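Residue strings, one per chain:
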Amino acid sequence: MDIGKDLLLEMYRAMVRIRLFEGKVRDLATANEIPGFVHVSIGEEASAAGVCAALRKTDRITSTHRGHGHLIAKGGRLAEMMAEIYGKRTGYCKGKGGSMHIVDFNLGILGANGIVGAGLPIATGSALAAVIAKRDDVTVCFFGDGASNEGTFHESLNLAAIWKLPVVYVCENNGFGEFTPMQTVTSVKDIAVRAQAYGIPGYVVDGNDVLEVYRYASEAVARARAGEGPTLLECKTYRWEGHVVGEQAFLGSGAYRTEQEINEWKARCPLVRFQKFAAESGKIDAAELKRIEEETAAELDAAVKFARESPLPAPSEVAEDVYV
Ligand SMILES: Cc1ncc(C[n+]2csc(CCOP(=O)(O)OP(=O)(O)O)c2C)c(N)n1
């Protein structure tokens, strides 16, 4: 599959926006400038960028507690995301959702979610809703390897399979659920083989190669749109940062992985991989990539300024826009 230059640049821009945004969020959380728990996805950018590049605006996604990257790749605006993480009134949820509950229905973002595995039935229901409404939109469900051990995963895949729902399940297997290595709590080596239990296709994908992710996602999305039912993609990847920013406070002197392992995965950086592809294929100039990096840095600076200068919600608004 030949991927056009505009789309290549779009995928790189998505990865750069995620990388810079997440690095900034990590630094601001470490400095106690933003409240609450934040989970960043540095190192995992290619799965969000590659999958969302295969979607159109009316397609929908569900996300996770580690959701900033998915939202950004689906077109989320950095300023409103940052303001939401700051708890400001100008944020996506008027400051009442925070990092784990950012939503933008206009962009098909059905929400990040603090409940592990909760996106699976939401995505499945969204796909059913599209069928009932006779819309040919596809829903993508992002979730982690840990979530694939939840009942919601198995129930959702079964239902989507028998009803041939237009949904793509994207497992981002980063090797850990919090501080627990995946292989100590998961019955299979590859999550993708679980697709067999539900009679649907399942593929292991190099989750650090945005081009490979895009190719698999495009096929799965086309299948779903054509009414041929769901696909399970397992993007093998790794998170460079802790489970949550500041995880050392929970771990004390304990460690659940080695520096060597982290460094091995850093050597497989999805952005550097793309830069090498750009140079070797001769399709994209280094200057074009640099321009994207500079534009994104400026966009991020403006987003932080916007968030810092925005007002907090007034105490009188506490019961507005929430279920009470
Ligand atoms: C239903 C539920 N159980 C447990 C938790 C606590 N928890 C938060 S993140 C997490 C690990 C999830 O691992 P995974 O799905 O692999 O995603 P990752 O953090 O690796 O991106 C757990 C157990 C939760 N938020 N919700």
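Coordinates for the structure precede this section.
Here is a short report on the structure shown in this document. Per chain, residue numbering runs from 1 following the sequence as it is written. In keeping with the predicted nature of the model, local features appear solely for residues at pLDDT of at least 70, side-chain atom pairs appear and are counted solely at 80 or more, and the whole-chain, interface and lining totals rest on all residues.

### Brief notes about the packing of helix α1 (residues 5-30) against helix α10 (residues 270-281)
Piece 1. Convention adopted: a line fitted to C-alpha atoms gives each axis, helices being fitted over their contacting stretch, and angles between N-to-C directions are expressed from 0 to 180 degrees. Numbered from the N terminus, helices here are DSSP runs of H or I no shorter than four residues, and strands are runs of E no shorter than two. It is the contact of α1 with α10, at a shortest axis distance of 10 Å, that shows an interaxial angle of 150°. Taken together, the axes of α1 and α10 are roughly antiparallel relative to one another. For α1 against α10, the interelement crossing comes out left-handed. Across the interface between the two elements, Tyr12, Met15, Val16 and Arg19 of α1 pack against Pro270, Leu271 and Phe274 of α10.
Piece 2. Residue classes follow a fixed rule: Ala, Val, Leu, Ile, Met, Phe, Trp, Tyr, Cys and Pro count as nonpolar, while Asp, Glu, Lys and Arg count as charged, and any other residue, Gly among them, counts as polar. A breakdown of the residues in the contact of α1 with α10 according to their chemical character gives six nonpolar, no polar and one charged. Any angle that falls under 35 degrees is termed roughly parallel, while one over 145 is termed roughly antiparallel, one within 65 to 115 roughly perpendicular, and all others oblique. Crossing handedness follows the turn of the near helix against the far one: under a right angle anticlockwise gives a left-handed crossing, and clockwise gives a right-handed one. Whether two residues are in contact is decided by their C-beta atoms, placed from the backbone, lying within 7 Å.

### What to know about the nonpolar core
Piece 1. With 80 residues, the main nonpolar core has Met15, Ala49, Val167, Val168, Val170, Ala217 and Leu233 as its most contacted residues.
Piece 2. With 11 residues, the top contributor of residues to this core is α1.
Piece 3. Look past the residues within four positions of Val167 in its chain and what remains in contact with it is Ala123, Thr124, Ala127, Val138, Thr139, Cys141, Ala160, Ala224 and Pro230. The term nonpolar core means buried Ala, Val, Leu, Ile, Met, Phe, Trp, Tyr and Cys residues held together as one set by C-beta atoms within 7 Å. Buried residues are those with 20 or more other C-beta atoms within 10 Å of their own C-beta, exposed residues have 12 or fewer, and partly exposed residues lie in between; C-beta atoms are placed from the backbone.

### A short note on the packing of helix α5 (residues 119-132) against helix α6 (residues 151-162)
Piece 1. Closest axis-to-axis distance for the α5/α6 pair is 8 Å, and the angle between their directions is 15°. With respect to α6, the axis of α5 lies roughly parallel. For α5 against α6, the interelement crossing comes out left-handed. On α6, the residues that touch Leu120, Pro121, Thr124 and Ala127 of α5 are Thr152, Phe153, Glu155, Ser156, Leu159 and Ala160.
Piece 2. Residue classes in the contact of α5 with α6 are distributed as six nonpolar, three polar and one charged.

### Remarks on α6
Piece 1. The terminal C-alpha atoms of α6 lie 17 Å apart, and with 12 residues this matches the ideal 16 Å at 1.5 Å per residue to within 8%.
Piece 2. Within α6 the residues assigned to the buried category are Phe153, Ser156, Leu157 and Ala160. Relative to the axis of α6, the buried residues are bounded by an arc of 95° and lie together on one face. What points out from α6, more than 90 degrees from its buried face, is the exposed set Gly151 and Ile162.
Piece 3. Looking at the buried positions of α6, the neighbouring elements they touch are α5, β3 (167-173) and β7 (231-236). The span you would expect from a helix comes to 1.5 Å times its residue count less one. This arc is taken over the directions from the axis of the helix to the C-beta atoms.

### Side note on the site of the ligand
Piece 1. Near residues are defined by distance alone, with the backbone-placed C-beta atom required to lie within 6 Å of the molecule or strand. Around the ligand, the structure places 15 residues, and the nearest of them are Val116, Gly144, Gly146, Ala147 and Gly177.
Piece 2. Each residue belonging to the shell around the ligand can be placed in one class, and the counts come to four nonpolar, eight polar and three charged.

### Concerning the environment of Ile122
Piece 1. Assignment of secondary structure puts Ile122 in helix α5.
Piece 2. Beyond its immediate stretch of four places on either side in the chain, Ile122 contacts Thr62 and Leu110.

### What to know about the sheet that holds β3
Piece 1. Should DSSP find at least two bridges between two strands, the strands are taken to pair. Pairing in this open sheet of five strands is parallel, and the strands run β1-β2-β3-β7-β6 from one edge to the other. Every other strand in the sheet has two partners, leaving β1 (60-62) and β6 (202-206) as the edge strands with one partner each. If you compare each strand with its neighbour and ignore which way they point, the axes differ by 20° on average.
Piece 2. By the bridge criterion, six bridges tie strand β2 (residues 139-144) to β3 in an arrangement that is parallel.

### What to know about the pairing of β3
Piece 1. The buried count for β3 comes to seven of seven residues, which makes it a mostly enclosed element.
Piece 2. Here β3 shows two buried faces, one formed by Val167, Tyr169, Cys171 and Asn173 and the other by Val168, Val170 and Glu172.
Piece 3. A right-handed crossover is one whose linking path, passing over the helix from the first strand to the second, runs clockwise when the strands point away from the viewer. Taking the sense of rotation as the criterion, the β-α-β connection linking β2, α6 and β3 turns out right-handed.

### A look at unusual backbone geometry
Piece 1. One non-glycine residue, Asn32, lies in the positive phi region at around 60°.
Piece 2. Summarising the element assignment, Asn32 is placed in the loop between α1 and α2 (45-52).
Piece 3. Of note, the phi angle at Lys94 is positive, near 55°, even though the residue is not glycine.

### Examining helix α4 (residues 78-86)
Piece 1. With nine of its nine residues buried, α4 lies for the most part within the structure.
Piece 2. All buried positions along α4 are accounted for by Leu78, Ala79, Glu80, Met81, Met82, Ala83, Glu84, Ile85 and Tyr86.
Piece 3. Looking at the buried positions of α4, the neighbouring elements they touch are α1, α3 (68-73) and α11 (286-309).
Piece 4. One or two positions beyond α4, positive phi appears at Gly87, with a value near 80°.

### Focus: the environment of Tyr198
Piece 1. Residue placement: Tyr198 occurs in the loop between β5 (180-181) and β6.
Piece 2. Once the C-alpha coordinates of Tyr198 and Phe142 are considered, the two residues, 56 residues apart in sequence, prove to be 18 Å apart.
Piece 3. Ignoring anything within four residues of it in the chain, the contact list for Tyr198 reads Leu157, Asn158 and Ala161.

### Digging into the pairing of β6
Piece 1. As paired strands, β6 and β7 are joined by five bridges and run parallel to one another. Across the sheet, residue Gly202 finds its bridge partner in β7, namely Leu232.
Piece 2. Once the chain exits β6 it traverses helix α7 (residues 210-225) before rejoining the sheet at β7, and the crossover so formed is right-handed.

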